[in-house]
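Secondary and tertiary structure notes
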Amino acid sequence: MHLLRLLALSCVCALAGAAPTKTNVVFILIDDFGYECVTANGGESYRTPVMDRLAATGVRLDQVHAQPLCTPTRVALMTGLNNKRNYTRFGHLDPKQQTFGNYFKAAGYATCVVGKWQLSNDLPGPALFGFHENCLWQLNRRPGRYRNPGLEINGKQVDFKQNEYGPDIVNDYALDFITRQKDQPFFLYYPMMLTHSPYDATPDSPDYLTGKSEEGTKKIGHFPDMVAYADKLIGKLVAKLEELKLRENTLIVIMGDNGTGAGTPSRFRGRDVTGGKGSSLVWGTHVPGIANWPGQVASGKVCGDMIEAADMLPTICEAAQVPLPADLKLDGRSFLPQLRGEKGNPKDALYVWYNPSGGPNAQYEFAHEARYKLYADGRFFDTVADDREKSPLKDADLSAEAKAIRTKLQAVLAAHQGPRDEYFLKQAESFKDYREKLDSAPGPKKGKAAAPKTEADPRGARFKERDADHDGKITYEEFQASMADKKVAKERFEARDLDKDGSLSLKEFLATLPASK
């Protein structure tokens, strides 16, 4: 904690203010955590007493759906837009986007993000997206996240080598942030590092120092311990809010970022199920959802309305009275009225466009409600009776109700037709290429932090400086931002854009720049 406090106090954006007059918001996103993992939902394999209690004294959201994979969900969650409108590629958030961090910061909130980043944009990324402070894993490198992690804390790489546990470190930072900002409104975005594989031992596991990682996700390994530990860390956060007498002025929202790791076995409502991360099945998209705010939202209510990641931004902004730009066209819709026990304006169905690589076409495209799902290719499923989607329904066999819902879902798909914006298409990258790039990256892995790379040719460093979003290309906007004379910038850019695709690759940059002396 001493190190974290020193790093926090070194942050240039340390804030001070008067007593809070606005609602605090804590948004918790749990990594690879499907609907079946929470006991309150009917899960039978894991211990989640804190989340169960928050659900029992707040609102349990029964139909929250995410994208099947982490980055697509995070992009939709943070911007309030569906992936078709602003997704670039895996592990990246386009720097031109505005997030809930930007909106809360503009409204005078102290903002902080702790946990897992995986959205690139290097060390300046969190500040670019509105966060005054950060304590993160996978910001500009990818060492281990659990025992002896490598983290980035307010712009500094920090490596831990005394058997510290990564989730503990970021949780402690979150508690410290809340304590320091208790006298003014704050927004804490907490994308947890747990419960993603490897299914490692936790500090509460008897073999924490000796246990080996359980590779893959088809063996349960220490996954139950990880679920219990995630729940425990949430409990510590709630206890801190209570200690500081902030609980009644703080909205807590919890959801999973996608289904449980593919193949992870669990017991759920009397049957065996397996995690569906990466798939379009309900086991890949259906995630837990809980909202708790004493005295402000209903207690003990179950909300069955259809809710998606993009809906979270307008909901928390409305709860905190954080204004949004008048011309902002969100795909998300606030469900705050439902949290208060009112009817609200729920969505009839959800639209999903999913491709972790980006590009023009979806890997999965469908519309669904709580029971039925219609794919863009015409396949129609009853996901309650057939949750593994093995038997598409035939039109001749549909009931009148099913036919009406199919027509409704077809209208949802039709409303989202049309090509993607060319700007986002240019930033696409194969998901396979991304993974291979990580696997082949120089430097130690699995918990050993890689040393910062140096450039033998200083021109390479100049390329990186101008490539503001670190996507491997310099756009015209990035190029002209580094030059005062915009006319000269335009002429030079056009002369150096050899393939005339509107951006400069590193190869083009080096080929058209004089060699260093």
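**Concerning the overall build of the protein**
Helices and strands together make up the secondary structure of the protein, namely 18 helices and 21 strands. When burial is assessed residue by residue, the protein has 56% of its 517 residues classed as buried. Considering only contacts within the protein whose residues lie at least 6 apart along the sequence, 66% involve residues at least 24 apart. Within the structure as shown, the protein displays about 21,800 Å² of accessible surface, and the carbon and sulfur contribution to it stands at 52%.

**As for the sheet that holds strand 15 (residues 307–308)**
The sheet built from 3 strands is open, its strands ordered 12-3-15 with mixed pairing. The open sheet is flanked by strand 12 (286–287) and strand 15, the only strands paired with a single partner.

**Quick look at the layout of surface pockets**
By volume, the second largest pocket is sized at about 350 Å³. Split into classes, the residues belonging to the lining of the second largest pocket amount to 6 nonpolar, 5 polar and 5 charged.

**Quick word on helix 10 (residues 312–319)**
With respect to burial, helix 10 is a largely interior element, 7 of its 8 residues being buried. Buried within helix 10 we find Met312, Leu313, Pro314, Thr315, Ile316, Cys317 and Ala319. Looking one or two residues beyond helix 10, the residue adopting positive phi is Gln321, at roughly 55°.

**What about empty space enclosed by the protein?**
Within the structure shown, the criterion is met by 2 cavities of 30 Å³ or more. Here the largest cavity defines a volume of roughly 150 Å³. The greatest single-element share of the lining of the largest cavity, amounting to 4 residues, is contributed by strand 16 (residues 350–354). Put simply, the second largest cavity is a space of about 50 Å³. Surrounding the second largest cavity, Met306, Ile307, Asp311, Arg333, Ser334, Phe335, Gln338, Asn345, Pro346 and Lys347 form its lining. Grouping the constituent residues of the lining of the second largest cavity by class yields 4 nonpolar, 3 polar and 3 charged.

**Here's the deal with the sheet that holds strand 9 (residues 250–256)**
One open sheet accounts for 10 strands, arranged 7-6-5-4-8-1-9-13-2-14; its pairing is mixed. The open sheet has two edge strands, strand 7 (156–159) and strand 14 (301–303), and neither has a second partner. Direction aside, the axes of adjacent strands within the sheet are offset by 15° on average. Pairing of strand 6 (residues 150–153) with strand 7 involves 4 bridges; the strand directions are antiparallel. Each bridged residue has a counterpart across the sheet, and for Gly150 the counterpart in strand 7 is Asp159. Running over the sheet, helix 2 (residues 49–56) touches strand 1 (24–30), strand 2 (59–61), strand 9 and strand 13 (289–292) and is turned about 60° from strand 13.

**Examining the pairing of strand 16**
Counted residue by residue, strand 16 has 5 buried out of 5 residues, so it is predominantly covered. Burial along strand 16 is two-sided: Leu350, Val352 and Tyr354 and Tyr351 and Trp353, pointing in opposite directions, are all buried. Both strand 16 and strand 17 (residues 364–368) contribute to a ladder of 5 bridges, which runs antiparallel. In the strand pairing of strand 17, Tyr354 is matched with Tyr364.

**Points about the nonpolar core**
A general feature of soluble globular proteins is that nonpolar side chains tend to end up buried together. Within the largest apolar cluster, 58 residues are counted, with the highest numbers of intra-cluster contacts made by Phe27, Phe100, Phe104, Phe187, Tyr189 and Met255. Contact partners of Phe104, with chain neighbours within four places excluded, come to Val25, Tyr109, Thr111, Phe187, Ile316, Cys317, Ala320 and Val322. One finds Ala110, Tyr229, Ala230 and Leu237 within the second-largest nonpolar core, a separate group that totals 52 residues.

**Section: the pairing of strand 4 (residues 110–116)**
Burial analysis of strand 4 places 7 of its 7 residues in the buried class, which makes it a mostly covered element. Note that strand 4 and strand 8 (residues 186–191) share 4 bridges and pair parallel. Residue pairing for strand 8: Val113 is matched across the bridge by Tyr189. Strand direction decides the pairing type here: strand 4 and strand 5 (residues 133–137), joined by 5 bridges, are parallel. Considered in strand 5, the bridge of Val113 is made with Asn134.

**Brief notes about the packing of helix 7 (residues 166–180) against helix 8 (residues 223–243)**
At a minimum axis distance of 10 Å, the contact between helix 7 and helix 8 shows a crossing angle of 15°. In this view, helix 7 runs roughly parallel relative to helix 8, as classed from their interaxial angle. The two elements helix 7 and helix 8 cross, and the hand of that crossing is right-handed. On the side of helix 7, the interface is formed by Pro167, Asp168, Asn171, Leu175, Ile178 and Thr179, while helix 8 contributes Tyr229, Leu233, Lys236, Leu237, Lys240 and Leu241.

**Regarding the pattern of salt bridges**
Inspection of every chain in the model, using the stated rule, returns 23 salt bridges. For Asp31, the salt bridge goes to Lys116, with nearest N and O atoms at 2.9 Å. A residue pair is termed long-range when its members are at least 10 positions apart, and Asp31 in the loop between strand 1 and helix 2 and Lys116 in strand 4 qualify at 85 residues. Relative accessible area serves as the criterion here: at 1%, Lys116 is assigned to the buried category. Connected through salt bridges with shared partners, the residues Asp31, Arg74, Lys116, Arg145 and Asp257 form a single ionic network.

**What to know about the confidence of the model for the protein**
Detailed conclusions should not be drawn from predicted coordinates in areas where pLDDT is low. A residue-level look at the protein finds 85% of positions with pLDDT of 70 or above and a mean pLDDT of 89. Confidence drops under pLDDT 50 across residues 12–19; counting only partners more than four residues distant or on other chains, this segment forms 12 contacts. In this model, residues 442–456 is a region of pLDDT below 50 whose contacts with residues beyond four sequence positions or in other chains number 22 contacts.

**With respect to helix 3 (residues 70–79)**
Of all the 10 residues making up helix 3, 10 are buried; the element is thus mostly covered by neighbouring parts of the structure. Inspection of helix 3 places Cys70, Thr71, Pro72, Thr73, Arg74, Val75, Ala76, Leu77, Met78 and Thr79 among the buried residues, and these make up the whole buried set. Immediately beyond the C-terminal end of helix 3, within one or two residues, lies Gly80, with a positive phi of roughly 75°.

**A look at unusual backbone geometry**
For the bond from Leu194 to Thr195, the omega torsion is 15°, close enough to zero to count as cis. The step from Ser197 to Pro198 runs through a cis peptide bond, and the omega angle for that step is 5°. Examined against the element boundaries, Pro198 turns out to sit in the loop between strand 8 and helix 8. Non-glycine residue Gln118 carries a positive phi angle of around 55°. In the Ramachandran plot, Asn121 falls in the positive-phi region, its phi being about 70° despite a non-glycine side chain. Of note, Asn121 is situated in the loop between strand 4 and helix 6 (125–128).

Rules of the game
- Residues numbered from 1 in each chain as written.
- Predicted model: local features only at pLDDT ≥ 70, side-chain atom pairs only at ≥ 80, totals over all residues.
- Heavy atoms only, no water.
- Helix = DSSP H or I, 4+ residues; strand = E, 2+ residues; numbered from the N terminus.
- Buried < 20%, exposed > 50% of the residue type's maximum accessible area, 1.4 Å probe, protein only.
- Contact = heavy atoms within 4.5 Å.
- Areas by Shrake-Rupley, 256 points an atom, 1.4 Å probe, with all protein chains shown as cover.
- Pairing = 2+ DSSP bridges.
- 1 Å grid on protein atoms, 1.4 Å probe; cavity = no way out; pocket = protein on both sides within 12 Å on 5 of 7 lines; lining within 4 Å.
- Points joined across faces, edges and corners; volume = space filled by probe spheres on them.
- Nonpolar A, V, L, I, M, F, W, Y, C, P; charged D, E, K, R; others polar.
- Axes fitted to C-alpha atoms, helices over the stretch in contact; angles between N-to-C directions.
- Core = buried A, V, L, I, M, F, W, Y, C linked by side-chain atoms within 4.5 Å.
- Parallel < 35°, antiparallel > 145°, perpendicular 65-115°, else oblique.
- Left-handed = near helix turned anticlockwise from the far one by under 90°.
- Salt bridge = Lys/Arg side-chain N within 4 Å of Asp/Glu carboxyl O.
- pLDDT = per-residue confidence, 0-100.

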